[in-house]
Amino acid sequence: MNSKTKEITLIGLMTAVTCIAGPLSLPLPFSPVPISLTNLAIYFSVYILGMRRGTISYLVYLLLGFVGLPVFSAFTSGPAKLFGPTGGYLIGFIFMALICGYCIDRWNGQTAMSLVGMLAGTAVMYIFGTVWLAYQMSKGSGQNITAALPAAFAAGVLPFIVGDLAKMALALLVGSQVRIRVRKAALN
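Fair warning: this is a prediction, and the values are worked out from it, not measured in the lab. (Residues numbered from 1 in each chain as written. Predicted model: local features only at pLDDT ≥ 70, side-chain atom pairs only at ≥ 80, totals over all residues. Heavy atoms only, no water.)

A word on the pattern of salt bridges. Considering all chains together, one arrives at three salt bridges under this definition. For the salt bridge of glutamate 7 with lysine 4, the shortest nitrogen-to-oxygen distance reads 3.6 Å. Here the residue glutamate 7 and the residue lysine 4 both occupy positions in helix α1 (residues 3-21), the gap between them amounting to three residues, near one helical turn. For glutamate 7, a relative accessible area of 12% gives the class buried. Residue lysine 4 is classed as exposed on the basis of its relative accessible area, which comes to 52%. (Salt bridge = Lys/Arg side-chain N within 4 Å of Asp/Glu carboxyl O. Helix = DSSP H or I, 4+ residues; strand = E, 2+ residues; numbered from the N terminus. Buried < 20%, exposed > 50% of the residue type's maximum accessible area, 1.4 Å probe, protein only.)

Structure below.
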């Protein structure tokens, strides 16, 4: 199998993992943002594939959901999802993948720097998601976006911090082992 075929296969495989994990979500009664496994799938993708291919994998997932495949949280899809309350998180995941992947690639999967990349990438994703959620909340309430930021932060970030840290730990434990095995098998 040539290297281009391997690359496309690995990207497709991690896109499929994201398509399986992404719809699995738990709605929260106090937030329009559900608990989702999408970020865990992205952590794995960039850990295993690196920044460029991991980000491409997520972009393919995003495109599949945008065109109508039910791969977003709660098996939803379409442009309305991207322009709805959680759209900022979906876009923020692109930057999360780039930042996490950069740190993982730059420091060759070193645990401490991989964690720094995951923390920084997740913080950037939170910023995108919170600002968009505040915009959506302000549209509905008539207040300005700045006034809606605390409520958006409380609904879209605070309930997720502990779970996201657990996802990072899992990705660091499992992702590093899979990364080693994929490289030993000369698949990456």
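Now that the structure has been shown, the text picks up again.
Inspection of the entire model under this criterion finds six aromatic pairs. Consider the rings of tyrosine 61 and phenylalanine 72, whose centres lie 5.7 Å apart with planes at 75 degrees: the pair is edge-to-face. Note that tyrosine 61 is positioned in helix α3 (residues 51-66) and phenylalanine 72 in the loop between α3 and α4 (79-82), a separation of 11 residues in sequence. Each member of the pair, tyrosine 61 as well as phenylalanine 72, is classed as buried. Ring geometry for tryptophan 132 against tyrosine 135: centres 5.1 Å apart, planes inclined by 35 degrees, an arrangement best described as tilted. (Phe/Tyr/Trp six-rings, centres within 6.5 Å; stacked < 30°, edge-to-face > 60°.)

Note that strand β1 (residues 25-28) and strand β2 (residues 31-36) share three bridges and pair antiparallel. For serine 25, the partnering residue across the bridge sits in β2 and is serine 36. Between β1 and β2, which pair antiparallel in sequence order, lie two residues. (Pairing = 2+ DSSP bridges.)

Glancing now at empty space enclosed by the protein. To find the voids left in a structure, one rolls a probe of water-molecule size over its atoms. Applying the stated criterion across every chain, the model contains one cavity of 30 Å³ or more. Within this model, the largest cavity holds a volume of roughly 250 Å³. Taken together, 19 residues form the lining of the largest cavity, with Val33, Pro34, Ser36, Tyr89 and Phe93 sitting closest to its centre. Of all the secondary structure elements, the ones that give two or more residues to the lining of the largest cavity are β2, α2 (38-49), α5 (87-106), α6 (111-141) and α8 (161-184). Partitioning the lining of the largest cavity into residue classes produces 10 nonpolar, six polar and three charged. (1 Å grid on protein atoms, 1.4 Å probe; cavity = no way out; pocket = protein on both sides within 12 Å on 5 of 7 lines; lining within 4 Å. Points joined across faces, edges and corners; volume = space filled by probe spheres on them. Nonpolar A, V, L, I, M, F, W, Y, C, P; charged D, E, K, R; others polar.)

The backbone of alanine 74 shows a phi angle near 60 degrees, a positive value even though the residue is not glycine. Position of alanine 74 among the secondary structure elements: in the loop between α3 and α4. The residue asparagine 108 is not glycine, and still its phi comes out positive at about 50 degrees. Here asparagine 108 shows up in the loop between α5 and α6.

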